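An overview of the molecular structure
Each chain, letter by letter, is given below.
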Amino acid sequence: MSKVLTKSQIEQYHDEGFISPVRVISQQEAHLIKQELEMVEAEFPEEINAESRNNLHLSFAFLDALAHNEIIVDAMEDLIGPNISLWASVMFIKEPSSKHYVSWHQDATYMGLDSLNFPTPWVALSPSNKETGCMTMIAGSHKTKIQEHEDTFAENNILTRGQVIKNVDESKAVDLILEPGEMSIHHGAVIHGSQPNSSTHRRIGFSLQSYMPPNIKQIVGRNIWTHVRGKKREDEDGILLDRPKFNMDPATVEQRRIANENMSEILYNGAKIKRNY
Ligand SMILES: O=C(O)CCC(=O)C(=O)O
């Protein structure tokens, strides 16, 4: 028996490579999280900014709580079973009327894992729609292998390397429209991207990238994980991260630095240029 997802949502994940929308928290709760996010952006600009966007769940207790939200984790259990760890998180913010976009890509390409088969929830903290630059998925594309990605490092492309898959069949493109507090879930190999935000509001999405069962291992960098539910991982080279007890908990802020260094080594493995995110 599944815990949160319906049979048809689970089938959709396997057939199309994504599910959307799933309500996680109320609009009011999402608004409070956005307010707290904007408070810590003002208070700790070194810790959280457009470049310092990875693994914020290790520095801020309210984002750790979202990463461990019961509805999200139950949905993950429906897809990957009861033993669950989180590889990383990324806060994707597109400022109002900004040119920033995300080119067609498959997440698993540069994550250094020995599998492509894992789910990523993307939680909307503000409206995500065509005007604000929601994610668009190519339905069924997770069934193909990893496609060739060209590293462009294009200035307005907010992916690490500005990596892009060319000649995507856009006839299968589906926009994932989300209200604040809803999430989509996408497969590690589904081709997706997003357009610029042409609205007067920020578009904010917290991407929990990604939840993994214990059989999936890191093979490029170190096995550094946030334990989420069930049996803890026992990787030989592994580190299990702590959870922040409060915002800017010094113990986990330091662990975030180590996790981010490892993540950067993995994501830019073999790249000609390394950006700060
Ligand atoms: O936030 C976006 O527009 C893209 C996010 C993304 O590519 C992801 O979460 O995998």
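Residues numbered from 1 in each chain as written. Predicted model: local features only at pLDDT ≥ 70, side-chain atom pairs only at ≥ 80, totals over all residues. Heavy atoms only, no water.

**A short note on the sheet that holds strand β12 (residues 203-208)**
Here is the rule: At least two DSSP bridges between two strands are required for those strands to pair. Each helix is a run of H or I in the DSSP string that is no shorter than four residues. Each strand is a run of E no shorter than two, and both are numbered from the N terminus. Only C-alpha atoms enter the line fits that serve as axes; for helices the fit covers just the stretch in contact. Angles between N-to-C directions range over 0 to 180 degrees.
The five strands lie next to each other as β1-β10-β5-β12-β3, forming an open sheet whose pairing is antiparallel. The open sheet has two free edges, formed respectively by β1 (18-23) and β3 (89-94), since each of these has just one partner strand. Here the strands of the sheet are splayed against their neighbours by 20° on average, with no regard to which way each runs. Pairing analysis gives five bridges linking strand β5 (residues 119-124) to strand β10 (residues 182-187), with the strands arranged antiparallel. Residue pairing in the sheet places T120 in a bridge with H186 of β10.

**Digging into helix α1 (residues 7-16)**
As a reminder, the rule being used: To sort residues, take the accessible area from a 1.4 Å probe on protein chains only and compare it with the maximum for the residue type: under 20% means buried, over 50% means exposed, and anything in between is partly exposed. By definition, the arc is the one covered by directions from the helix axis to the C-beta atoms. Residue contacts follow a heavy-atom distance rule, with two residues in contact if any of their heavy atoms lie within 4.5 Å.
What α1 keeps buried is the set Q9, I10 and Y13. Taken down its axis, α1 places every buried residue within 100° of arc, on the same side. Of the exposed residues in α1, the ones pointing more than 90 degrees away from its buried face are K7 and S8. Looking at the buried residues of α1, the elements they touch are β1, α4 (70-80), β5 and β10. At the exit of α1 stands G17, carrying a positive phi of roughly 95°.

**A word on the pairing of strand β6 (residues 135-138)**
Every second residue of β6 is oriented toward a common face, with M135 and M137 on one face and T136 and I138 on the other, all of them buried. Pairing of β6 with strand β9 (residues 173-175) involves three bridges; the strand directions are antiparallel. Residue M137 lies in a different strand from β9, and its bridge partner there is V174.

**A closer look at the site of the ligand**
Basically, it comes down to this: Note on definitions. A residue lies near a molecule or strand when any single heavy atom of the residue is within 4 Å of it. Any pair of N or O atoms that falls within 3.5 Å is considered a polar contact. Within protein, one atom must be able to donate a hydrogen and the other to accept it, and sequence-neighbouring residues count only if both atoms are side-chain atoms. Working definition of accessibility: Shrake-Rupley area with a 1.4 Å probe, residue cover restricted to the visible protein chains. Gly is put with the polar residues, along with every residue not named as nonpolar or charged; the nonpolar set is Ala, Val, Leu, Ile, Met, Phe, Trp, Tyr, Cys and Pro, and the charged set is Asp, Glu, Lys and Arg.
Near the ligand you find 13 residues, and of these W122, H192, S194, R203 and S207 are the closest. One of the side-chain N or O atoms of H192 is found 3.0 Å from an oxygen atom in the ligand. Note that an oxygen atom of the ligand is positioned 2.8 Å from one of the side-chain N or O atoms of R203. Considering the ligand on its own, with 290 Å² of exposed area, one finds that the protein chains cover 100% of that surface. At the level of secondary structure, the elements contributing two or more residues to the shell around the ligand comprise β3, β4 (102-105), β11 (192-194) and β12. Here the residues of the shell around the ligand are counted per class, giving four nonpolar, six polar and three charged.

**Quick notes on the pattern of salt bridges**
The test is simple: What makes a salt bridge here is a side-chain nitrogen of Lys or Arg within 4 Å of a carboxyl oxygen of Asp or Glu, nothing more.
In the structure shown here, the tally under the stated rule is 21 salt bridges. Here K34 and E38 are joined by a salt bridge, their closest N and O atoms 3.5 Å apart. Pair noted here: K34 and E38 are both in helix α2 (residues 27-43), with a separation of four residues, about one helical turn. Owing to a relative accessible area of 27%, E38 belongs among the partly exposed residues under this scheme. Notably, a salt bridge pairs D175 with K130, separated by 2.7 Å at the nearest N-O pair. A residue pair is termed long-range when its members are at least 10 positions apart, and D175 in strand β9 and K130 in the loop between β5 and β6 qualify at 45 residues. Here D175 falls in the partly exposed class, since its relative accessible area comes to 28%. Each of K34, E38, E41, E95 and R202 takes part in salt bridges that share partners, so that together they form one network.

These results come straight from atomic positions and should not be treated as a statement about function.
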